[in-house]
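# Results of the structural survey
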Amino acid sequence: MPLAQPGASQWIGRPMRRLEDQRLLSGQGQFTDDIALTGQAHAAFLRSPHAHARIAAIDTAAALAAPGVIAVLTGADVLAEGLGPIPFNALHKRHDGAPMTVPPRLALTAGVVRFVGDPVAIVVAETREQARDAAELIEVDWEPLAAVADLEQSATADSPVVWPQAFDAAYGNHAARYHAGDREATAAAFARAKHVVRLRVVNQRVVANPLEPRALAAAYDAQSGRFTLYCPTQNVHTVRTQLAGSVFKLPEDRFRIVCTDVGGGFGARGYAYPEHAALCFAARRTGRAVKWLADRSENFLAEVHGRDNVTVAELAIGADHRFLALKIHTLANVGAYVSNFGAAVPAMSGARAPTGVYAIPLLDHEVRMLFTHTAPVDAYRGAGRPEMGYLLERLVSHAARQLGVDPLELRLKNLVTAVQMPYANPAGHTYDCGDFERILRAAADASDWNGFAARKADAERRGVLYGRGIACYIEVTGSGRLTETVQLGVSDAGEVTLVSGTQPIGQGLATAYAQLLAQHLGVAPESVRVIQGDTDIVKSGGGAGGSRGLQVGGSAAAAGAFALIEVARALAASELEAAAGDLEFSGGRYRIAGTDRSIGLAELAAKQPERRIFCEHTETVKGQTWPNGCQMCEVEVDPETGAVRVARHVAVDDIGAVINPLMAEGQVHGGIAQGLGQALIEQSLYDETGQLVTGSFMDYAMPRADLMPDLVTRFDQTVPTLQNPLGAKGVGEAGCHGATPAVVNAVLDALAARGVSPLDMPLTPEKLWRALRQR
C-alpha cells in the first residue's frame, strides 16, 4: 500500500471536524452509567481507612439486615470461591536474579490491607443509596500496622515492610530491578570527562482523573454460564483475558466485555481492577445484574496513580561540550500492589530512549521498583516516556547553565543527526528515522528565539521575572501490539461498516478511519460506521494505548479497504462480464477500461445473496515508531506572589503523515494541558501514615483554561516512517512529553537571576514565593 501523503488526496490530510462530536455534544452519548440492565441491583464497596492493617474480624450482620440489602461479600468469600488474583506484566527480576515479587491482588482483600482504599467488602442492594448506607454498617476489627508512604524511605533497611516476601535488608521493599548499558565503560568515560553535571529530579505522583468516574455493570446468565460486563476501558480484550484466565479460571468465551462511550482513559483504564472481578462475582452469587458507580473520592483513593519516581542523573561532558556518557539511578514507586503495567512504566517504555535525541554513546541506567503503602501506580499519558524526557531535558538545561553556554547551541551540538539514521541508542533500541536538528530549528523559529531578549526586557520593566525553556523529545509508540484484524462490509444502501479491535477513548478514531475508508473506497466519510468495544462482535484487538490507534488500527483499516476492493473486483468482473484485470476502480465504482460500462459498490452489494460485500483482513505493521519533537516555552513569574503565567508556548512535532491535522492538533493541545498541570499545580500527596491528603478537587488542582496560553503547534511531515503503510507515528502522548520539561526549564530560567536553585514540581506560587524569599 502506498504511503498516505498529506495533500495528495481528497480526505487524507484534511482538517475535518470529528464525526463523533454531534452525538456526544448533544447528549446522545452512552456511558456505562447510562446502562440499565434487567433486574439491576447496585453495589458499594467498603474500603480500608488504614494504609496498613490486619483484619482481625469483620461483622456484616448489621449490613445484611439493612433495608434493601441483597448480599454482603468479603475477602473470605473470595477465597472460599477460589477466585484468583488480578494479573500483571511481570517483566523484570529482582536484584539477585530471582523472579519479580508477585503479591496477590484479589477482588476483595482478606487478612491484611496495604493502602487506604483497599476494598475489603462489597454490598449489593436494591438502590445505590441503600448499598452505600449498608456499607457503613459493616464493623471491622482493625489492627493497625506500621506503614511507609515515602518512596525513598521504602528503599531503606529500617522501612516498615509492605510484603515480607519482597523485603530485602539492602534494597528495602524491593519489587524488581532493571539495568541497561555498560557500567564499566560508562565509569571510564566519566573518569576522563572535563565536566560532570549532576541533578536530582522528583517526578511527583499524579492522578489521571478522567471526566467519567469508574463505573461497572455486570450480569451473569446461569443457563449459559456467561458473564457480561460493561465498563469504560481502553481494551476490552485485555479485561476479558485477565478476568477469564487468572481470576475465574474459565474459557474466554464465557465473558462478554462491552465498552460504550468512554469519558477519558489516559492509561488508567487499560486493564481489569479488583472491582471488575468483584462485580462479576457478586452478579454470579446473587443472580442479579449489579451496577457500581464510583464517586470522585473513590477514584482518587483506588484508581491507579501515575508517575512517582525519584532519579539522580549524571552527565559526562567533554572539553568540547560533547556528551560522553549518562548515568541514571531511579527509585520507582509501584504502590502496594503491582498493577498491570506497573513494572513496565518505569523500566520498559521510558527506558527505551534514555538518551533521547542526543548522541550519547554510553549509558548506565538502573531502576529499582519499590512497594509502598499507597495506591498502585500504573500508566499515565506517556507511561514512562515523559518521565524520562523530563529528566533528560532538565539535565541538559542544567548542564547549559553550569557550563555558561546557550541551551539551544548545546543541544544542537549533541543531537543525533539525520545521516546517522537508523540510529541504535546505548539502551539497545533503534530509531528508524528522524531529523532532530530540523525540528529544533523549526521550534526556535516558531518561538521567535531571537526576539526573546526584547520580551524579557519588557517584562523586567513591568517588574516580573521572565524565562524560557526548551524540551526536545523522542518516544516509542505503537505499543507491542502490532497486529489488528478488521472486518469490512459495504451494504446495498452504500453504508460501509468497519469492525476494529482498537478502542475510542476520545482520540477521534471513528473520524480518522472514516477519512481513510472514504479516500480509498470513494464514499462519503459520513457513510462509514465504526464498531469497536464489544468482545462478542470484535473477536480480537489491541485496544488503545501507546498511541497505537492510527498507526496500527488505521493501517489495518486502510489495508482492509484495499482487500475489500479486490474482493468486490471479482464480483464486479462477473457482473460486468469482463476480466478482473480490465476493471478500473475509482470514486466507488468499477469501470471497464475504455468504456462507459460501470457498477458501484452499493449496486454490486445489492446483487449479492446477503445484499452486502464483506471481507476480513489482518494487518501486522513492521514495528513501533519514534515520533519526536520540540517544545519551547516562555513564562512570567511575579516575584511578589510566585504566580506563573505561561506567556508563549510552541510545539513542533514529527508525527509522520498526518491524516487529520485538526484532530492531531487537538491531541497535542490536550497533552500540553496535562503537561502544564503536572509542571505547575498537580500533585497527589500522602502523609507519613499513608493517608491520602489530596483526595478531592478541593485539594488536588487540575489545569483550567486560565492556565493555558495561546498555543502555536506545527507538524513536520518530511520524514514519514516506513514502519507502517500510512507513514504515521503516534501523537496522543507527544504534547504531555514535551510540555512538562519546557515549562519547568522556563520557570527555572526566570528564577536563575535571583539565584534560586533547581526546584521540583509542581512549581506552585507558594513554592516559588518561598524559594524567592529564602534567597
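Anyway, here's the lowdown on the structure attached to this text.

Right, let's talk about empty space enclosed by the protein for a bit. Enumeration according to the criterion identifies nine cavities of 30 Å³ or more in this entry. In this structure, the largest cavity occupies an estimated 140 Å³ of space. Taken together, 15 residues make up the lining of the largest cavity; nearest its centre are N309, T311, T330, E387 and M388. Secondary structure elements with two or more residues in the lining of the largest cavity: β9 (195-207), β14 (305-317), α10 (344-349) and α11 (385-403). If one sorts the elements of the lining of the largest cavity by residue count, α11 sits on top with four residues. A breakdown of the residues in the lining of the largest cavity according to their chemical character gives eight nonpolar, six polar and one charged. In this model, the second largest cavity occupies a volume close to 110 Å³. In this structure, the second largest cavity is lined by 17 residues; those nearest its centre are A353, G356, G389, I474 and H737. Elements represented by at least two residues in the lining of the second largest cavity include exactly α11 and β19 (465-474).

For the structure shown, the criterion picks out 46 salt bridges. Between R385 and E733 there is a salt bridge, with the nearest N and O atoms lying 2.9 Å from each other. Of this pair, R385 sits in helix α11 while E733 is found in the loop between β29 (711-715) and α19 (734-752), placing the two residues 348 residues apart along the sequence. Residue classification places E733 among the buried positions, given a relative accessible area of 8%. A salt bridge links D716 to R438, with the shortest nitrogen-to-oxygen separation between them at 2.6 Å. Residue D716 is located in the loop between β29 and α19, and its partner R438 is located in helix α13 (residues 436-446); the two are separated by 278 residues in the primary sequence. Given a relative accessible area of 10%, D716 falls into the buried group. What emerges from the salt-bridge pattern is a single network uniting D458, R461, R462, E636 and R645.

Summarising the element assignment, Q204 is placed in strand β9. Using a relative accessible area of 3% as the deciding quantity, one classes Q204 as buried. Looking at Q204, its side chain comes within polar contact range of the main-chain oxygen of Q678, at 2.8 Å. Within the local environment of Q204, its side chain forms a polar contact with the backbone oxygen of E682, the two atoms lying 2.8 Å apart. Aside from chain neighbours lying at most four places away, what touches Q204 is G306, R307, D308, Q678, E682, Q683, M761 and P762.

The next point concerns the layout of surface pockets. One number sums up the size of the second largest pocket: a volume of about 400 Å³. Contributing to the lining of the second largest pocket are 20 residues, with A149, D150, L151, D308 and L685 lying nearest its centre. Listed by contribution, the elements that provide at least two residues to the lining of the second largest pocket are α5 (151-154), β9 and β14. Considering each element in turn, the lining of the second largest pocket owes the most residues, five residues, to β9. Taken together, the residues of the lining of the second largest pocket sort by class into six nonpolar, seven polar and seven charged.

Rules behind the numbers
- Residues numbered from 1 in each chain as written.
- Predicted model: local features only at pLDDT ≥ 70, side-chain atom pairs only at ≥ 80, totals over all residues.
- Heavy atoms only, no water.
- 1 Å grid on protein atoms, 1.4 Å probe; cavity = no way out; pocket = protein on both sides within 12 Å on 5 of 7 lines; lining within 4 Å.
- Points joined across faces, edges and corners; volume = space filled by probe spheres on them.
- Helix = DSSP H or I, 4+ residues; strand = E, 2+ residues; numbered from the N terminus.
- Nonpolar A, V, L, I, M, F, W, Y, C, P; charged D, E, K, R; others polar.
- Salt bridge = Lys/Arg side-chain N within 4 Å of Asp/Glu carboxyl O.
- Buried < 20%, exposed > 50% of the residue type's maximum accessible area, 1.4 Å probe, protein only.
- Polar contact = N/O pair within 3.5 Å; in protein donor to acceptor, adjacent residues only side chain to side chain.
- Contact = heavy atoms within 4.5 Å.

The values are spatial; any link to function lies outside them.
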